[in-house]
Amino acid sequence: SPQAPLPPFAPALLAPALPEAGSPSNASLSTVGVSCADGGVVLSFSEPVLPAPGVGTLNSSHLEVAADGEVGEERVSLISLGDAGDRFGLILEPPPAGGETLTVKIPALTLVGLSGGFFPAETLTHSLVDCTPPEIVAAAVVGAEGF
């Protein structure tokens, strides 16, 4: 027998997954224990997240990211850290020199938590660590008798 077509997506379909009062989904930024290879800063969610239906695959375009006020989606990559879907590294190009303030805005109705429903609009800020590669600025040549 033929299967009935799936109903079109509607926010009402997610109503059973909306968070209970007093337990909204949330996000945070951290640099503690984070390597520069992982971007130097981690965006963590209180639960695994997916982009809202119709938004595409989760990437940096779902966030508004600025370092010291400079907005630049083109300088940010989002990488998943592990398989849980709740931790992501933000890789900035060029790497932060340290001390910049990173601002990440999560627009409303962009991300969906697997158990809590839509993430609310949220703005996060955090000071960045120095992830610039080391450079040799000066070198001294010592003669054979100096060894």
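What comes next is a walk through the structure.

Structural notes on the overall build of the chain
Part 1: A tally of helices and strands in the chain yields zero helices and 11 strands.
Part 2: In the chain, the order of α-helices and β-strands from amino to carboxyl end is β-β-β-β-β-β-β-β-β-β-β.
Part 3: Counting over 147 residues, the chain shows a buried share of 34%.
Part 4: Contacts in the chain between residues far apart in sequence, at least 24 positions, make up 62% of those at least 6 positions apart.
Part 5: When the accessible surface of the chain is summed, it comes to about 9100 Å², and 59% of that surface belongs to carbon and sulfur atoms.

Points about the nonpolar core
Part 1: One finds Leu 29, Leu 43, Phe 45, Leu 63, Leu 90 and Leu 102 to be the most contacted residues of the largest nonpolar core, which totals 20 residues.
Part 2: When residues of this core are traced back to their parent elements, those giving at least two are strand 1 (27-30), strand 2 (42-45), strand 6 (76-80), strand 7 (87-92) and strand 8 (101-106).
Part 3: Residues within four places of Leu 43 in sequence aside, it is in contact with Ala 27, Ser 28, Leu 29, Leu 63, Asp 86, Arg 87, Phe 88, Leu 90 and Leu 124.

Here we look at the sheet that holds strand 2
Part 1: The strand order across the open sheet formed by four strands is 1-2-7-6, and the pairing between neighbours is antiparallel. The open sheet has two edge strands, strand 1 and strand 6, and neither has a second partner. Sheet twist, expressed as the average angle between the axes of neighbouring strands with direction ignored, equals 25 degrees.
Part 2: Sheet topology places strand 1 next to strand 2; four bridges connect them, and they run antiparallel.

Observations concerning the side chain of Glu 100
Part 1: Here Glu 100 lies in the loop between strand 7 and strand 8.
Part 2: Residue Glu 100 is classed as buried on the basis of its relative accessible area, which comes to 16%.
Part 3: A distance of 2.9 Å separates the side chain of Glu 100 from the backbone nitrogen of Ala 97, its partner in a polar contact.
Part 4: In this structure the side chain of Glu 100 is engaged in a polar contact, spanning 2.9 Å, whose partner is the backbone nitrogen of Gly 98.
Part 5: When neighbours within four sequence positions are excluded, Glu 100 is seen to be in contact with Asp 68, His 126, Ser 127 and Leu 128.

Structural notes on the sheet that holds strand 10 (residues 117-118)
The strands that make up a sheet are held in pairs by hydrogen bonds between backbone atoms, and each pair lies either parallel or antiparallel.
Part 1: Taken together, three strands build an open sheet; the order of strands is 3-9-10 and the sheet is antiparallel. In this open sheet, the two edge strands, each paired with only one partner strand, are strand 3 (49-51) and strand 10.
Part 2: For strand 9 (residues 111-113) and strand 10, the ladder comprises two bridges, and the chain directions are antiparallel. When the bridges of strand 10 are listed, Gly 113 appears paired with Gly 117.

What counts, and at which threshold
- Residues numbered from 1 in each chain as written.
- Predicted model: local features only at pLDDT ≥ 70, side-chain atom pairs only at ≥ 80, totals over all residues.
- Heavy atoms only, no water.
- Helix = DSSP H or I, 4+ residues; strand = E, 2+ residues; numbered from the N terminus.
- Buried < 20%, exposed > 50% of the residue type's maximum accessible area, 1.4 Å probe, protein only.
- Contact = heavy atoms within 4.5 Å.
- Areas by Shrake-Rupley, 256 points an atom, 1.4 Å probe, with all protein chains shown as cover.
- Core = buried A, V, L, I, M, F, W, Y, C linked by side-chain atoms within 4.5 Å.
- Pairing = 2+ DSSP bridges.
- Axes fitted to C-alpha atoms, helices over the stretch in contact; angles between N-to-C directions.
- Polar contact = N/O pair within 3.5 Å; in protein donor to acceptor, adjacent residues only side chain to side chain.

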